[in-house]
Every structure is written in structure tokens, then in C-alpha cells.
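Tertiary structure, described
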Amino acid sequence: MAGATMLHSSSQSLLPSLARRYSLLFDSCFHFRRLMSTGRLFHSINPNKPSPLAVRAQARRSLSSNKVKDELASPADLCFEGPLKIIVYPDPILRAKNKRIGTFDDNLKKLVDEMFDVMYRTDGIGLSAPQVGINVQLMVFNPVGERGEGEEIVLVNPRVTRYSRKMLPYNEGCLSFPGIYADVERPDSVKVDAQDINGARFTVGLTRLPARVFQHEYDHLQGILFFDRMSDEVLDTVREDLEALEKKYEDSTGLPSPERINTRKRRQAGAGFGKS
Ligand code: CO
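Figured I'd write up the structure that's included with this text. Starting afresh in each chain, residues are numbered from 1 along the sequence in its written order. The predicted origin of the model limits local features to residues at a pLDDT of at least 70 and limits the giving and counting of side-chain atom pairs to 80 or more, whereas totals for whole chains, interfaces and linings rest on all residues. Processing note: side-chain calculations cover all non-hydrogen atoms of the structure and skip hydrogens and water entirely.

**Some remarks on the packing of aromatic side chains**
- Think of it this way: a Phe, Tyr or Trp ring, Trp meaning its six-membered ring, pairs with another when their centres are within 6.5 Å, and the plane angle makes it stacked under 30 degrees, edge-to-face over 60, tilted otherwise. Under the defined criterion, the tally for this structure stands at 6 aromatic pairs.
- Ring geometry for Y89 against F177: centres 5.0 Å apart, planes inclined by 20 degrees, an arrangement best described as stacked. Here Y89 is found in the loop between α3 (52–65) and α4 (106–121), whereas its partner F177 is found in the loop between β4 (167–173) and β5 (181–187), with 88 residues between them in sequence. The two residues Y89 and F177 agree in class, both being buried.
- Between F177 and F227 the ring centres are 5.7 Å apart and the planes differ by 75 degrees, which places this aromatic pair in the edge-to-face class. One end of the pair, F177, is in the loop between β4 and β5; the other, F227, is in the loop between α5 (208–221) and α6 (232–253), with 50 residues separating them in the sequence. Only DSSP runs of H or I with at least four residues qualify as helices, and only runs of E with at least two residues qualify as strands; both kinds are numbered from the N terminus onward. Only protein chains enter the calculation, and the probe is 1.4 Å; a residue is then buried if its accessible area is under 20% of its type maximum, exposed if over 50%, and partly exposed in between.

**Describing the pattern of salt bridges**
- Salt bridge, as used here: a side-chain nitrogen of Lys or Arg that lies within 4 Å of a carboxyl oxygen of Asp or Glu. The final tally for this structure, using the stated rule, is 14 salt bridges.
- A salt bridge links K166 to D188; its shortest N-O distance comes to 4.0 Å. Separated by 22 residues along the polypeptide, K166 in the loop between β3 (153–163) and β4 and D188 in the loop between β5 and β6 (189–195) bring together distant segments of the chain.
- Owing to a relative accessible area of 43%, K166 belongs among the partly exposed residues under this scheme.
- Salt-bridge contacts for E172 lead to R212; the nearest nitrogen and oxygen are separated by 2.8 Å. Of this pair, E172 sits in strand β4 while R212 sits in helix α5, and the two are 40 residues apart along the sequence. The exposure classification of E172 matches that of R212, with both residues buried.
- Residues joined in a network through salt bridges with shared partners are E172, R186, R212, D219 and R229.

**As for unusual backbone geometry**
- Residue G82 is joined to P83 through a cis peptide bond whose omega torsion reads -5 degrees.
- By the element assignment, P83 lies in the loop between α3 and α4.
- In this structure, the amide linkage connecting Y89 to the following residue, P90, adopts the cis form with an omega of 5 degrees.
- With respect to the helices, strands and loops of the structure, P90 is situated in the loop between α3 and α4.
- With a phi close to 50 degrees, N157 is a non-glycine residue in the positive phi region.
- With respect to the element layout, N157 can be found in strand β3.
- Taking the relative accessible area as the measure of exposure, N157 reaches 5% and is therefore buried.
- Located in the positive-phi region is R208, a residue other than glycine, with phi close to 55 degrees.
- Relative to the assigned elements, R208 resides in helix α5.

Note that every value here comes from positions in space, so none of it alone points to a role or purpose.
Encoded structure:
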């Protein structure tokens, strides 16, 4: 975290005001303490780093998976009671399949409202449905991150149709991993197909911080968590924290942790941006 702190302080003079504001807004939900200017780190040689080729391969898989009809959510799948609570690792809800939404009714609008409430309360700019215990393909998003400002975007059944070749590292955090921050490399921009709250289809191009947040939340919809994207070296810096969350889960539920970071295989060089 020392590195992140150092970068954070340097951001005060280097970042444009809006981006600086983002870095503050993310403090309890989604953390971007690394600057775009640190993109040079991307050029360091790291055999565990996902290659742009692997990213494009993932994009192709994502495109081809569009042809496969995912299971549609039933009204029971979308049933919830407020206030919504954040699901924390290693709760298996975070790894469960998220069903496609086919009904665009008042209940969905109510869920979206509640998700925006949680998002604003936690100073986030994006939140995925599985993180509040609802396993459906839904995320909410506001690039400004404050109620009444910016644009509230609802992404239902989103799909990435294009990733940029350019990759950048950022220091990320996640509400489902309280207190854990580490570098994750992701494409700098993405093109997304999705449906809005009324079911209308739209396409949006996202870059830089909005693209970063979107991809983090989009991963949640695929059951992918941010440490899945970390290199082995980075993962080693948060391994004990992940184990502590696993122990906390076991102590509070009386159940064995459904996954353990220490049984994760070391990454193969050149592989790894996929879910495997
Ligand atoms: Co997250």
C-alpha cells in the first residue's frame, strides 16, 4: 500500500480535477490510485501479464457467447428486500451464474434505485447486482458518482464487443474485499452492447476510468473477481488478506470456505485473461 499512497499523493498535482475527484470518490468502492501517467509500467517485462492477444481472444469468446442464450431470470431471481447488503468474498454468490434479464418492470426499476442508493452511499461510481446478492446481469453506473450530477446509466445484459490493445495498470479495490487494494491491468477502452432499464438496446464506448469501472463490474457479472486478474507477484501482496476473509467467512457461517486462494494455480505465462 505504500506504493499506492505515494501515487495517490502525487495525483494531487498531476491529475485533472475531474480525475482527481474520481480517485476520491472511489475510496470506499472502487479505487483508482494509480495515474494514467504510470502507464509506462505496462511496458515492463512481466511474463504473467495477459497479452493483448489473450484479451482479444476473450473478446471473441464474449462475442460468440452472445449467440448462446443464457438462462433468463425468473421473478423469484429478482426478488429482493431492502436495504441491500454487500456480499463479501468468499461468499459463493459472487461466483454464481448471473442470469439474463428479460422482464423490464417496476420491480427492476426498484432494484436499480436501491443499487444506486448503495452505490452513492459507498462513494462508488459503479455497482453490480451479484454484489448485493441478486444473481442477474445488471450493473449501475454514474461517471460522476454523485446523486443529481452526471448521468445515471443502467446496463442490463451488457456484452463487451471490443477491447483496446492498450493495457494499463490501476490500483483497484472492491466493496466485496474490504480493505484490499492491488494493481490490475486492463484494456484502456471497451465498446459495449447493453439494454437500458426499459429493455432498449444501445451501444456505448468507454475509455479510461469509466472503462476501468465498467470492466471491473462486468467481471462480477461473469463471476470473475479482481484478484483473478492479478499477476502472481501482485497476488502475493494480498494473499494473507484474502485468507483472512476466508477465515472470517468460516467463523461467521460455520462452513468451509468455498474457495481458497492458496489452492489457486500459478498462472501460465502468456495465458490468463480468460476465466479459467
Ligand atoms: Co468489485
